[in-house]
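Remarks on the overall topology
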Amino acid sequence: MANNSLNKIKPSKVPKNHNKGVHPAKPHADNETIRFSFKHLDLNNKKFSCGGKKSDYFTKVLERLKNISHLKISEIFSNRSPSLRAHPIDWDETTETNGFISLNEQLRQVPAYQFQISSNEHGRLHGFILSNIFFVVWLDPEHNLYE
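Attention now moves to the packing of aromatic side chains. Taken as a whole, this structure holds nine aromatic pairs when the rule is applied. Consider the rings of Trp 91 and Trp 138, whose centres lie 5.9 Å apart with planes at 80°: the pair is edge-to-face. With Trp 91 in the loop between strand S2 (87-88) and helix H4 (105-108) and Trp 138 in strand S5 (residues 133-140), the pair connects residues that are 47 residues apart, well separated along the chain. Trp 138 shares its class with Trp 91; the two are buried. Ring centres 5.2 Å apart and planes at 65° place the aromatic pair Phe 115 and Phe 134 in the edge-to-face group. Here Phe 115, found in strand S3 (residues 112-116), pairs with Phe 134, found in strand S5; they are 19 residues apart in sequence, far enough to count as distant. According to the relative accessible area criterion, Phe 134 is buried, its value standing at 0%. Among the aromatic residues, those joined into a cluster by ring pairs are Phe 48, Trp 91, Phe 100 and Trp 138. Residue placement shows Lys 53 over the ring face of Tyr 57; its charged tip is 6.0 Å from the ring centre.

Pasting the structure below:
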C-alpha cells in the first residue's frame, strides 16, 4: 500500500532558469536610490576604529547617511561637490595597498569607494557598492586611509 501512495506523488516542477546559476548583482544600479549596509563593517581593524569617539561623531555619520539616502548612485558619484567628495579608491595610493583584507576574495574584486562625512572634521566612509547598496567596510574618522 505504501508503494501505491509513492507512485501518486508528482515531482515538483523545476523553474526554467534553474540550471542557469546565480548571476552576480550589477556593480551599480545607477537609477536607484542608495541604501546602506553594515554587514561587512570591519570592527577589528584598529586603524579604522571609532572607539573613543564621542556621540557627535556618530550623529554626524547618521546625518550624512540620511542626507544622501535620497540620492541615486549616479548622482552621488557624478556630484563634484567638495562637501561629498565621493570617488573610487585607488588602493595603490593608500596606506592599505591590499584593500579590504577582511572581505572574501570575490568581494575584494568589487571596486571600492569612499565619501566624506563632513568637511575634514569627521573623516570618511569606505566601502563598496553592489546593486544600489553601499556596504560600509571602514569608518575612517582620522583620515588614516590617506596619510
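Resuming the write-up.
Right, let's get into the pairing of strand S4 (residues 124-130). Burial analysis of S4 places six of its seven residues in the buried class, which makes it a mostly covered element. Pairing geometry for S3 and S4, over five bridges, is antiparallel. Paired with Phe 115 across the two strands is Leu 125, which belongs to S4. Of the strand pairs in this sheet, S4 and S5 are connected by seven bridges, and their pairing is antiparallel.

This paragraph deals with the nonpolar core. What tends to happen in soluble globular proteins is that the nonpolar side chains get buried as a cluster. Core analysis: the largest hydrophobic core is formed by 20 residues, its most contacted members being Ile 76, Phe 77, Phe 115, Leu 125 and Phe 134. Put simply, the parts of the chain that give this core at least two residues each are helix H2 (55-68), helix H3 (73-78), S3, S4 and S5. Contact partners of Phe 134, with chain neighbours within four places excluded, come to Ile 34, Arg 35, Phe 36, Ser 37, Tyr 113, Phe 115, Leu 125, His 126, Gly 127, Phe 128 and Ile 129.

Following the criterion strictly, the structure yields three salt bridges and no others. The partner of Lys 53 in a salt bridge is Glu 142, and the shortest N-O contact between them spans 2.5 Å. Here the residue Lys 53 occupies a position in the loop between strand S1 (35-37) and H2, and Glu 142 occupies one in the segment after S5, the gap between them amounting to 89 residues.

With that out of the way, let us pick up the confidence of the model for the chain. Put simply, the chain has an average pLDDT of 80, and 77% of its residues get 70 or more. Mean pLDDT across the elements of the chain bottoms out in helix H1 (residues 2-7) (49) and peaks in S1 (96). pLDDT under 50 marks residues 5-26. Its contacts with residues more than four places away, or in other chains, come to three contacts.

So, about the sheet that holds S3. One open sheet accounts for five strands, arranged S1-S5-S4-S3-S2; its pairing is mixed. Both outer strands of the open sheet, S1 and S2, are each paired with one neighbouring strand and no more.

What counts and what doesn't
- Residues numbered from 1 in each chain as written.
- Predicted model: local features only at pLDDT ≥ 70, side-chain atom pairs only at ≥ 80, totals over all residues.
- Heavy atoms only, no water.
- Phe/Tyr/Trp six-rings, centres within 6.5 Å; stacked < 30°, edge-to-face > 60°.
- Helix = DSSP H or I, 4+ residues; strand = E, 2+ residues; numbered from the N terminus.
- Buried < 20%, exposed > 50% of the residue type's maximum accessible area, 1.4 Å probe, protein only.
- Lys NZ or Arg CZ within 6 Å of the ring centre and 35° of its normal.
- Pairing = 2+ DSSP bridges.
- Core = buried A, V, L, I, M, F, W, Y, C linked by side-chain atoms within 4.5 Å.
- Contact = heavy atoms within 4.5 Å.
- Salt bridge = Lys/Arg side-chain N within 4 Å of Asp/Glu carboxyl O.
- pLDDT = per-residue confidence, 0-100.

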